[in-house]
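# Understanding the architecture of this molecule
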2 protein chains.
Amino acid sequence: MRLSRYFLPVLKEDPKEAQIVSHRLMLRAGMIKQQSAGIYSWLPLGYKVLNRIQQIVHEEQQRAGHIPLLMPTLQSADLWRESGRYDAYGDEMLRLQDRHKRDMLYGPTNEEMVTDIFRSYVSSYKSLPLTLYHIQWKFRDEMRPRFGVMRGREFLMKDGYNFDLTKEDALHAYNRHLVSYLRTYERMGLQAIPMRADGGPIGGDYTHEFLVLADTGESEVFYDSQITDLKFGDRQIDYDDVAQGQAILEEFTSRYARTDETHDEALFAQVPEERRRTARGIEVGQIFYFGTKYSEAMGATVVTETGERVPVHMGSHGIGVSRLLGAIIEASHDDKGIIWPEGVTPFHVGIVNLKQGDGSTDSACEALYRELKAAGLDPLYDDRDERAGAKFATMDLIGLPWRITVGPRGLAENKVELTSRRTGESEAISPQEAIERLKTIYQPVFAAAYH
Amino acid sequence: MRLSRYFLPVLKEDPKEAQIVSHRLMLRAGMIKQQSAGIYSWLPLGYKVLNRIQQIVHEEQQRAGHIPLLMPTLQSADLWRESGRYDAYGDEMLRLQDRHKRDMLYGPTNEEMVTDIFRSYVSSYKSLPLTLYHIQWKFRDEMRPRFGVMRGREFLMKDGYNFDLTKEDALHAYNRHLVSYLRTYERMGLQAIPMRADGGPIGGDYTHEFLVLADTGESEVFYDSQITDLKFGDRQIDYDDVAQGQAILEEFTSRYARTDETHDEALFAQVPEERRRTARGIEVGQIFYFGTKYSEAMGATVVTETGERVPVHMGSHGIGVSRLLGAIIEASHDDKGIIWPEGVTPFHVGIVNLKQGDGSTDSACEALYRELKAAGLDPLYDDRDERAGAKFATMDLIGLPWRITVGPRGLAENKVELTSRRTGESEAISPQEAIERLKTIYQPVFAAAYH
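Now for a description of the structure that goes with this document. (Residues numbered from 1 in each chain as written. Chains lettered and ligands numbered in written order. Predicted model: local features only at pLDDT ≥ 70, side-chain atom pairs only at ≥ 80, totals over all residues. Heavy atoms only, no water.)

### Some points on the relation of the copies chain A and chain B
Note the following rule: Our superposition of the copies is a least-squares fit, built on the C-alpha atoms of residues whose pLDDT is at least 70 in both. In what follows, a contact means two residues having at least one pair of non-hydrogen atoms within 4.5 Å.
For the match of chain A to chain B, the screw axis carries a shift of 0.0 Å, the RMSD comes to 0.0 Å, and the turn is 180 degrees. The relationship between the two copies is best expressed as a two-fold rotation axis. For chain A, the residue whose C-alpha comes nearest the rotation axis is A:L96, separated from it by 2.9 Å. When you check the interface residues of chain A against chain B, 100% turn up at the interface there too, and the contact is symmetric in its surfaces.

Here is the structure:
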């Protein structure tokens, strides 16, 4: 993309309404615009990152064997009356009536609807196991929306639902989700720690939240420092392997890690003192096995091999897609702006032309731009007639992890500068070397994709 | 995808509620499920086609230089009060109140919001031309939703908005949209004819609807038969070339082609009688230049080169993304089911194993499946333990354009059958030849993509 033809409305001033750094940087970098309290337009740069994140979530869900579909945003109140949640859900549910005065709501989650889909078509144990998921806009009418996309009202979430014959099978689905989530967050450059969560009115041990450590997190968290040494890495996974899933669950959840909601001082005291940590965290996902709560209430049953009709065991598993942008920025920025991890960066590299209008720098930049695209990379070329300082400031603010700077002095020696946004280090190398270096840098990102 | 692990709930019986063939086939092929009147879940197969269509729309918009963003589904009523449309819009607007009793609505279109985005950031002619678009769910509270996704209430639309300094520039944007739409529909295997439309209360000559001819179309159309001979093909387009855009507009709109809304008997009578045609058509898109209507009402102005402040010239341009599935099926089906054009088919090819459980057919099918995927193709392998007739019926119903049938008799001679869904013709060739043939068949589909 040529910046002269893009729509990137960066702000010079810090917006007053932003209380936390990710909100401030998303506004300043021209990623979002608030349209109503807690409701945002995703400007082109923000939309691009949102898509990168969605793509990773889709790939990892499909790698795990989960099937994508798409449920609508508006739901009939009748479905929620069946589960008893229409009255139980508080003011966060946005209720409305259509022109025929039928009660509707803007879905805050989809347990009822997905259970309705299941019961409409599935009646045999032979169709199990089954996990359906979607990435769709939700609405929760927060009393005080704030922190930008971190606590918005209209937000994008991946929610997936497993349907299994037995509790044991459903717990394997739970583990599959845990594994796929660990992979998902690592591809985004995040460390998200599974922490024991509160089962709420349903209770049970089978729920974990995934938290990213950040000073601005909404939750206080308590953990054994050994947990931050765990990396998922590029291990080979067989998502049908029950023992492997269980082993990974144990590896990642056996050390102490809880939020203030489930924190237990006595248990925490058993962690060796030098490994006890207290910090703040941002919740970016949750997995939950809830058994037959919805299947019994809504009649989602299957006939077993022996002819018995039984309610299916279910769980629901969510990733906060839009809030992940905020979480990534909270975890990765400096005083100049955002620092995108390579896995989610909107553009792979920025090209800064130091002397726009100069024949040789212009043509060197155009050649770089063309060749980077031919190599499958997505460059942003700042071809505006601006001074170098303004171009650097924009690149730093929007946080592309790599920048190529092209000026007449370097070009005289066939050199450009390749600069890392994270370290600030620069190297003077030939344009061809810069392209090769970037291909090498992004090779793991492309290799991680799932088709 | 292995069918044994997919979620493809095909129906044996014709659903009673479906009045037109596309609705019936989408229900029977397990593509959609109605959740409330005019509100659908997109089951996995339907969601996959919806994504293929979205992808083509995105690519052709970006090829034309248009910039994607994403506006929210819910909008503040205040924005619509500025334009005067809050009161003018009838019962099709879904109005609601949030917990603080603020008036909101589910966006039926986005002229107001995109104009608000523009005026918030753009103040100079130097930022023009600019076209912003999104693909987002809309809601129109139809009195009598029907015909499945053809006239739903919650529907997916691409709507784009151009901002230009002068009427002349805006008409070039209009032509750019016309050209990009012609390419878009052709990639989907559709012929969509631009027809002069009714400008409504704003009037003006600058609006065309795109109609697909189909017996079940909601509009009666009148046209010169020469127009159906026009093909866009793979011509090279320079979207900055004003003369080229104008020439294509003239080529595709100078012959008589109107819907009943704008039909003029006297003009039609000037078409030679043997070329006069009357038919029915489905509207799948519309382009519209409306000048300064919204920019004046909402203060979207720029400062010109001479320091004058002027309202920008705008247009809006829509493609009915979700309804396109219905339109494509109306235009391409037979009594056995859907016939997907290669450009939008959910899977590129189906593999039918005639003797599931037989070692050699199973391993031949697995090898085909693996090699087709390695070749970048997306196969659906029917690995269920079902008889051949049921497998063929499912493949015919869901409409994959190509099928490979693998049985022990053929394999003894290293042959499989490659069958065209459209013609029904089969060829006995080696598995390797079948893969090569499919690579050749889909090469134009991949070549048409825009990165």
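Structure's up, so let's keep going.
### Looking at the interface of chain A and chain B
Applicable threshold: Simply put, the buried area is the total loss of 1.4 Å probe accessible area from both parts when two parts are fitted together. Salt bridges are defined by distance alone: a side-chain nitrogen of Lys or Arg within 4 Å of a carboxyl oxygen of Asp or Glu. Whenever a nitrogen or oxygen atom comes within 3.5 Å of another N or O atom, the pair is scored as a polar contact, on the condition that within protein one atom can donate a hydrogen and the other can accept it, and that pairs from neighbouring residues in sequence are kept only if both atoms are in side chains.
Of the residues lining the interface, 61 residues belong to chain A; the matching set on chain B comes to 61 residues. For the pair chain A and chain B, the summed buried surface comes to about 4900 Å²; carbon and sulfur atoms form 61% of the total. Counting across the chain A and chain B interface gives eight salt bridges. With a closest N to O distance of 3.0 Å, B:K33 and A:D116 form a salt bridge. Our enumeration of links across chain A and chain B arrives at 21 residue pairs in polar contact (both at pLDDT 80 or more).

### Observations regarding the environment of A:D198
Residue and element names in this part refer to chain A. In plain terms, the rule: Numbering of helices and strands starts at the N terminus; helices are DSSP runs of H or I of at least 4 residues and strands are runs of E of at least 2. Using a 1.4 Å probe on the protein chains alone, a residue whose accessible area is under 20% of its type maximum counts as buried, one over 50% counts as exposed, and one in between counts as partly exposed.
By secondary structure assignment, the location of D198 is in the loop between β9 (192-196) and β10 (207-213). Take D198: its relative accessible area is 42%, and that puts it in the partly exposed class. Between the C-alpha atoms of D198 and D396, which are 198 residues apart in sequence, the distance is 40 Å.

### Concerning unusual backbone geometry
Cis rather than trans, the peptide bond between A:L128 and A:P129 has omega equal to -5 degrees. Position of A:P129 among the secondary structure elements: in the loop between α5 (111-121) and β7 (130-139). Of note in the backbone geometry, B:K101 takes a positive phi value of approximately 65 degrees without being a glycine. With respect to the secondary-structure elements, B:K101 resides in the loop between β5 (94-97) and β6 (103-106). Overall, the relative accessible area of 60% leaves B:K101 in the exposed class. The phi torsion at B:F147 lies on the positive side, around 60 degrees, for a residue other than glycine. Along the chain, the position of B:F147 falls in the loop between β7 (130-139) and β8 (154-164).

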